[in-house]
Amino acid sequence: MLPFIGYILFGLANIYLFSLAIKQLPTAVAFAVWTAATLILIKCAELSFFNQHISWPEIFFMLLIMVGILGLKFYAIQVK
């Protein structure tokens, strides 16, 4: 029962915090940052809890995600 309650609480927190992010950022940028943060945190959990290894291609593609987010942010600043 405890994992289910945690799932519900984190789900509600996710919706609330994402709604706050959308108020401050363009929707595309907020969604990209949210998705990238989720992917990177999942990879960190895999490394920490499941003793998985990280490969160079995974590092490269995570860096590409970060570059894409920075590109969206800098583009949004220039458009205003």
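Above this text sits the structure in question.
In what follows, the accompanying structure is described. (Residues numbered from 1 in each chain as written. Predicted model: local features only at pLDDT ≥ 70, side-chain atom pairs only at ≥ 80, totals over all residues. Heavy atoms only, no water.)

Focus: a nonpolar patch on the surface
So, step 1. A surface patch of nonpolar side chains, about 930 Å² in accessible area, is lined by Met1, Phe4, Ile5, Tyr7, Ile8, Leu9, Leu12 and Ile15.
So, step 2. Tracing the backbone through its elements, the reader meets Met1 in the segment before helix H1 (2–24). (Patch = residues over 30% accessible without salt bridge, like charges linked within 9 Å, V, L, I, M, F, W, Y side chains within 5 Å. Areas by Shrake-Rupley, 256 points an atom, 1.4 Å probe, with all protein chains shown as cover. Salt bridge = Lys/Arg side-chain N within 4 Å of Asp/Glu carboxyl O. Helix = DSSP H or I, 4+ residues; strand = E, 2+ residues; numbered from the N terminus.)

What to know about the packing of H1 against helix H2 (residues 27–49)
So, step 1. One can describe the packing of H1 onto H2 by two numbers: an axis separation of 9 Å at closest approach and a directional angle of 140°. One finds that H1 runs oblique with respect to H2. At the point where H1 passes H2, the crossing takes the right-handed sense. Where H1 abuts H2, its residues Asn14, Leu17, Phe18, Ala21 and Ile22 lie against Thr27, Ala30, Phe31 and Trp34. (Axes fitted to C-alpha atoms, helices over the stretch in contact; angles between N-to-C directions. Parallel < 35°, antiparallel > 145°, perpendicular 65-115°, else oblique. Left-handed = near helix turned anticlockwise from the far one by under 90°. Contact = heavy atoms within 4.5 Å.)

Section: the packing of aromatic side chains
Within a pair of aromatic rings, the relevant descriptors are the distance that separates the centres and the angle that separates the planes.
So, step 1. Counting across every chain of the model gives three aromatic pairs.
So, step 2. Judged by centre distance (6.5 Å) and plane angle (75°), the rings of Phe18 and Phe31 are edge-to-face. Here Phe31 lies in helix H2 and Phe18 lies in helix H1, a separation of 13 residues in the sequence.
So, step 3. Taking relative accessible area as the criterion, Phe31 reaches 53% and is therefore assigned exposed. (Phe/Tyr/Trp six-rings, centres within 6.5 Å; stacked < 30°, edge-to-face > 60°. Buried < 20%, exposed > 50% of the residue type's maximum accessible area, 1.4 Å probe, protein only.)

Here we look at the environment of Thr27
So, step 1. Structurally, the position occupied by Thr27 is in helix H2.
So, step 2. Since its relative accessible area comes to 49%, Thr27 is described here as partly exposed.

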